[in-house]
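# Observations on the three-dimensional arrangement
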Amino acid sequence: MVIGVVAIFASTLSLGMVIDALITTRILVQFIGQVVALTLLRRHSPEMPRPFRVWLYPVPNLVALFGWIFLFATSGTEVIAFGLGTLALGIGAFFGWAKMTRRWPFAVEAVGGIDPPTGPAPAR
């Protein structure tokens, strides 16, 4: 259903605009997100074993980040708005799903290694 609605909307635009919007969305979600995720992973889990190393870290990350931001910023106002709108919808969908399934950031933390109760408290 979602793909059908998006396809109907996209058919009202020029092919060049649709391709630019898809590339811009990919820049935001995948490429910039990947640079940020790598940085966060290295900061918050330095002891985690990794099968590879980024040579000259953080220089390649910064070069990639500035390059992707430059490409995103020079995409045109309508395409930037579409990319940011798509990102906002994705974030909203994730938080809606996380709230319904009680996952991060809405998860109830276990206390003392015991899973939290899922139903009403037992009568004593």
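Residues numbered from 1 in each chain as written. Predicted model: local features only at pLDDT ≥ 70, side-chain atom pairs only at ≥ 80, totals over all residues. Heavy atoms only, no water.

## Notes on unusual backbone geometry
Applicable threshold: Helix and strand labels come from DSSP, where a helix needs a run of H or I of at least four residues and a strand needs a run of E of at least two; each type is numbered from the N terminus.
Cis geometry marks the peptide bond from Tyr57 to Pro58; its omega dihedral reads 10°. Mapped onto the fold, Pro58 is located in the loop between α2 (15-44) and α3 (59-73). Cis geometry is adopted by the peptide bond preceding Pro105, which originates at Trp104 and carries an omega value of 5°. Residue position: Pro105 is located in the segment after α4 (77-101). Phi is positive for Leu56, which is not a glycine, with a value near 60°.

## Quick look at the packing of α2 against α4
Threshold: Note on geometry: axes are lines fitted to C-alpha atoms, helical ones only across the stretch in contact, with angles between N-to-C directions running from 0 to 180 degrees. Should an angle fall under 35 degrees it is taken as roughly parallel, and over 145 as roughly antiparallel, whereas 65 to 115 is taken as roughly perpendicular and any remaining angle as oblique. By convention the crossing between two helices is left-handed if the near helix lies anticlockwise of the far one by an angle smaller than a right angle, and right-handed if it lies clockwise. For this analysis, residues touch if any pair of their heavy atoms sits within 4.5 Å.
Where α2 contacts α4, the two axes come as close as 8 Å, and the packing angle between them is 50°. When the axes of α2 and α4 are compared, the pair comes out oblique. Crossing handedness for the pair α2 and α4: right-handed. Contact with α2, carried on its side by Met17, Asp20, Ala21, Thr24, Thr25, Leu28 and Val29, involves Glu78, Val79, Ile80, Phe82, Gly83, Leu84, Thr86 and Leu87 of α4 and no other residues of that element.

## A look at the side chain of Asn61
The line we're drawing: Any residue under 20% of the maximum accessible area for its type is buried, any over 50% is exposed, and the rest in between are partly exposed; the area is computed with a 1.4 Å probe on protein chains only. As used in this structure description, the phrase polar contact means that two N or O atoms lie within 3.5 Å; if the pair is within protein, one of them must be able to donate a hydrogen and the other to accept it, and residues adjacent in sequence are counted only when both atoms belong to side chains.
The residue Asn61 is located in helix α3 in this model. What makes Asn61 buried here is its relative accessible area of 9%. At 3.2 Å, the side chain of Asn61 forms a polar contact with the side chain of Thr39. With sequence-adjacent residues up to four places away left out, Asn61 is seen in contact with Val35, Leu38, Thr39 and Val54.

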